[in-house]
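# A closer look at the structure
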Amino acid sequence: MNAPTATLALRVVEARELNPLIRMLRLRADDGRALPGFAAGAHIRVQVSLTDGGTDWRHYSLVNFDTARNATNAPTEYVIAVRKEAEGRGGSRFMHERLKEGDTLAIEPPKNDFPLHTGPGGSVLVAGGIGVTPLATMAARRRAEEAPVRMHYAGRSRDLMAFLPELEALLGPDLHVHADAEAGAPLDIDALLDNVPAGDRLYVCGPKVMLDAVLARTQVRGWTHDRVHFELFTEPVVEAGDQPFEVELAQSGQRFTVAADQSILDCLIDNGCDPMFDCKRGECGVCAVPVIEGEIDHRDYVLTAREKAEGNVMQICISRAKGARLVLDL
Ligand code: FES
């Protein structure tokens, strides 16, 4: 069972389109009271209505550009930015199309799975698209600490990249913008890594393809895990060729079909089960389940290469079956 978390009811006091893909929302309590504080990298979970009439929760990183040291200790508002996803179950479309200024949202208080480390050394922030949100808050925090910080911000084109004016004002020459449309190529990860000083830490947030590329290149270079911190900004995406498969729960004997565009976790929830989970992005490790039979298509960022090769456990929020069937020890 997942322990219930107290929710807050916050009013949308401003909803503004930053560009055709990204909508910024400012949320406040009706009485203007101070909200729970947060550290750079934190997110809130927001309850959204889905197109099928159900509800679900989505994570959104908290955005702050204020460089006062105590700016996020007892804030009176939370700022989030939401990218509209054409695919998926309608959570982002709800945030873009149905939610209006004046509406109330149920949210869970801030939680931080992507903490910024203090101490010596600089921070190199690598943002892809809307993945800029937690990194913008980190940049403000590092500026507040007068600590070295640099950001590489990549996107398709400048007009689709949120918060560019704020970041330019905050970081000046320490902001490096890469627009694919101008460069004619994606961000050169190796060139970027070549210029990261030995004592600096890397913080990466962006789409899976960027994350995978950065992780692969840092591994090849022998970077230790404690130098590379990351967060995936999208819900897990369906990959080309994904097929439906069957899951059997060994303890109860129940069998379900996981649709091609559905995770095992969502399939179990839809069928009245109560599995443990948190991030739903293959990052936190909470949803690990022992596997008794079947070959696993591992897609998480938690298990080690050895654990993946052994094939005895999987993260059911993101990983799938390679074959037609999996038997889980549930
Ligand atoms: S819920 Fe976090 S790894 Fe699956």
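In short, a report on the structure. (Residues numbered from 1 in each chain as written. Predicted model: local features only at pLDDT ≥ 70, side-chain atom pairs only at ≥ 80, totals over all residues. Heavy atoms only, no water.)

On to the packing of aromatic side chains, then. What describes a pair of aromatic rings is the distance from one ring centre to the other and the angle between the planes of the rings. Tallied over the full model, the rule gives 4 aromatic pairs. Ring centres of F38 and Y78 lie 6.1 Å apart, and the angle between their planes is 70°; this geometry places the pair in the edge-to-face category. With F38 in the loop between strand 2 (22-28) and strand 3 (43-49) and Y78 in strand 5 (residues 78-83), this pair connects stretches of sequence that are 40 residues apart. Residue F38 shares its accessibility class with Y78, and that shared class is buried. The side chain of R227 reaches across the aromatic face of W223, ending 3.8 Å from its centre. Lying over the aromatic face of F277, K280 brings its terminal NZ or CZ to 5.5 Å of the ring centre. (Phe/Tyr/Trp six-rings, centres within 6.5 Å; stacked < 30°, edge-to-face > 60°. Helix = DSSP H or I, 4+ residues; strand = E, 2+ residues; numbered from the N terminus. Buried < 20%, exposed > 50% of the residue type's maximum accessible area, 1.4 Å probe, protein only. Lys NZ or Arg CZ within 6 Å of the ring centre and 35° of its normal.)

Here the focus is the nonpolar core. In terms of nonpolar packing, the biggest core is built from 30 residues, with L135, M151, Y153 and L167 touching the most fellow members. Those elements that provide at least two residues to this core are strand 2, strand 5, strand 7 (123-128), helix 2 (132-144), strand 8 (149-155), helix 3 (164-171) and strand 10 (201-206). Element by element, the count of residues in this core is highest for helix 2, at 6 residues. Look past the residues within four positions of M151 in its chain and what remains in contact with it is L125, V132, L135, A136, A139, L167, L171, D174, L175 and H176. Of all hydrophobic cores here, the second largest spans 24 residues; its members include L25, L35, I44 and F94. (Core = buried A, V, L, I, M, F, W, Y, C linked by side-chain atoms within 4.5 Å. Contact = heavy atoms within 4.5 Å.)

All right, on to helix 6 (residues 208-220) then. Helix length check: helix 6, at 13 residues, gives a terminal C-alpha distance of 18 Å against a target of 18 Å (1.5 Å per residue), a fit within 8%. Within helix 6 the residues assigned to the buried category are K208, M210, L211, V214, L215 and T218. All buried residues of helix 6 lie within an arc of 165° about the axis, which places them on one face of the element. Among the exposed residues of helix 6, those oriented more than 90 degrees off its buried face are V209 and V220. (Expected span 1.5 Å × (residues − 1). Arc of directions from axis to C-beta.)

Right, let's talk about the pattern of salt bridges for a bit. Side chains that carry opposite charge are capable of pairing whenever their charged atoms lie near each other. One pass over the structure, following the stated rule, counts 34 salt bridges. Of the charged contacts, one joins E14 and R16 as a salt bridge, the two residues approaching to 2.7 Å between their closest N and O atoms. Residue R16 is classed as partly exposed on the basis of its relative accessible area of 42%. Across the pair K111 and D113 runs a salt bridge, and its minimum N-O distance is 2.9 Å. Take K111: its relative accessible area is 34%, and that puts it in the partly exposed class. By sharing partners, the salt bridges in this structure join E14, R16, R26, R28 and E77 into a single network. (Salt bridge = Lys/Arg side-chain N within 4 Å of Asp/Glu carboxyl O.)

Judged by pairing direction, the sheet is parallel, and its 5 strands sit side by side in the order 9-8-7-10-11 without closing on themselves. Edge positions in the sheet fall to strand 9 (175-179) and strand 11 (228-232), since each of these pairs with one other strand and no more. On average, adjacent strands in this sheet sit at an angle of 10° to one another, irrespective of strand direction. Across 5 bridges, strand 10 lies against strand 11 in parallel orientation. Counted as the bridge partner of G206 is L232 from strand 11. (Pairing = 2+ DSSP bridges. Axes fitted to C-alpha atoms, helices over the stretch in contact; angles between N-to-C directions.)

Relative to the helices and strands, N312 resides in the loop between helix 8 (305-310) and strand 16 (313-315). In this structure the C-alpha to C-alpha distance between N312 and V289, which are 23 residues apart in sequence, comes to 8.5 Å. Apart from residues lying up to four places away in sequence, N312 is in contact with V289, P290, V291 and E307.

Just geometry here; none of it tells us what the structure is for.
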